[in-house]
Amino acid sequence: MKKTNTLRLTVTALLTAIAIVIPMVMPIKILIEPASFTLASHVPIFLAMFFSPGIAIAVSLGSAVGFLLASFPIVVVLRALSHVVFAYVGAKYLVNRREQVLRSPLKSTIFSLLIGCLHGAAEMLVVSMFFFGLIPGSSYSEGFFLAVFLLVGVGTIIHSMVDFLISQFVWTSLGSRVQSLAKRIENK
């Protein structure tokens with residue numbers, strides 16, 4: 001019988017709870033459909049990425065639930081669901097590289113930009129399906145370039161990089177405490 005890792009479960013639950021609550025209570029929200037920008041909405045996902053791929057996936061799914069419970073339009077909820085892609089890829093990359101990436105300004109900026117591009121591409125794909133009528137529910141009168149590329153694509157990259165910077169600040173501010181916690185989660 002496999003032993004349950006209580007620490008991993010607790011960290012996952014806490015970050016997921018934060019990811020669910022942020023879309024519901026964050027006062028700084030900008031909604032210009034199909035784009036939406038909720039300050040710090042990616043912070044729990046990035047923090048989860050710093051722990052493990054499994055935690056990152058769970059927190060990403062929780063974030064999508066938070067956007068659904070906060071009554072955002074379905075296109076925004078599905079964009080939030082697409083976070084599973086960048087969270088998993090980023091977390092896989094950070095396995096055994098986390099401190100090396102987070103301590104180097106150059107490496108962390110490059111990582112943040114690349115993850116932001118993947119993040120933006122996944123969200124653009126979701127919005128494109130609505131834009132071209134592959135998923136019913138929303139129609140956009142703005143052009144593809146404005147609605148999908150600029151608002152969602154470029155806007156998401158910028159939003160992602162800002163939230164990554166916040167996450168990196170939180171992680172490094174916690175110092176050896178969070179690093180010790182991460183090592184204990186990895187070793188279980």
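Higher on the page you've got the structure.
I will try to describe carefully the structure that is included in this document.

Okay, the nonpolar core next. Counting 31 residues, the largest nonpolar core has Leu15, Met49, Phe50, Phe51, Ile55 and Trp171 as the members making the most contacts within it. Of all the secondary structure elements, the ones that give two or more residues to this core are α1 (6-25), α2 (43-51), α3 (53-69), α5 (83-94), α6 (98-103), α7 (105-131), α8 (144-174) and α9 (176-186). The element contributing the most residues to this core is α2, with eight residues. Among all residues touching Leu15, those that are not within four sequence positions of it are Pro44, Leu47, Ala48, Phe51, Ile55 and Val59.

Now for the pairing of strand β2 (residues 35-38). Residues of β2 alternate between two faces, with Ala35 and Phe37 on one and Ser36 and Thr38 on the opposite face, all of them buried. Between strand β1 (residues 29-32) and β2, which pair antiparallel in sequence order, lie two residues.

Next up on the list: the layout of surface pockets. Of the pockets and cavities examined, the largest pocket occupies roughly 230 Å³. As for the largest pocket, its lining consists of 13 residues, and the residues nearest its centre are Leu15, Phe51, Leu174, Val178 and Leu181. Of all the elements in the fold, those that place two or more residues in the lining of the largest pocket are α1, α2, α8 and α9. The greatest single-element share of the lining of the largest pocket, amounting to five residues, is contributed by α1. By residue class, the composition of the lining of the largest pocket is eleven nonpolar, one polar and one charged. Taken as a whole, the second largest pocket spans an internal volume of roughly 200 Å³.

What counts, and at which threshold
- Think of each chain on its own: its residues are numbered from 1, step by step along the sequence as written.
- Under the rules for a predicted model, residues below a pLDDT of 70 receive no local features and side-chain atom pairs below 80 are neither given nor counted, while totals for whole chains, interfaces and linings still include all residues.
- Values reported for side chains reflect all heavy atoms of the structure, with hydrogen atoms and water molecules removed beforehand.
- The set of buried Ala, Val, Leu, Ile, Met, Phe, Trp, Tyr and Cys residues whose side-chain atoms join them within 4.5 Å is what this entry labels a nonpolar core.
- The classification of residues rests on relative accessible area computed with a 1.4 Å probe and restricted to protein chains. Under 20% of the type maximum is buried, over 50% is exposed, and intermediate values are partly exposed.
- Secondary structure is summarised from DSSP: a helix means a run of H or I of at least four residues, a strand means a run of E of at least two, and numbering begins at the N terminus for each.
- Only heavy atoms enter the contact rule, under which two residues are in contact if any of them lie within 4.5 Å.
- For two strands to be treated as a pair, DSSP must find at least two bridges joining them.
- Only protein atoms enter the 1 Å grid, on which a cavity is a set of points fitting a 1.4 Å probe that cannot get out and a pocket is an open set with protein on both sides within 12 Å along at least 5 of 7 lines, lining residues being those with an atom within 4 Å of a point.
- Grid points are joined across faces, edges and corners, and a volume is the space filled by probe spheres set on the points.
- Under the grouping applied here, Gly and all other residues not named as nonpolar or charged are polar, the nonpolar ones being Ala, Val, Leu, Ile, Met, Phe, Trp, Tyr, Cys and Pro and the charged ones Asp, Glu, Lys and Arg.

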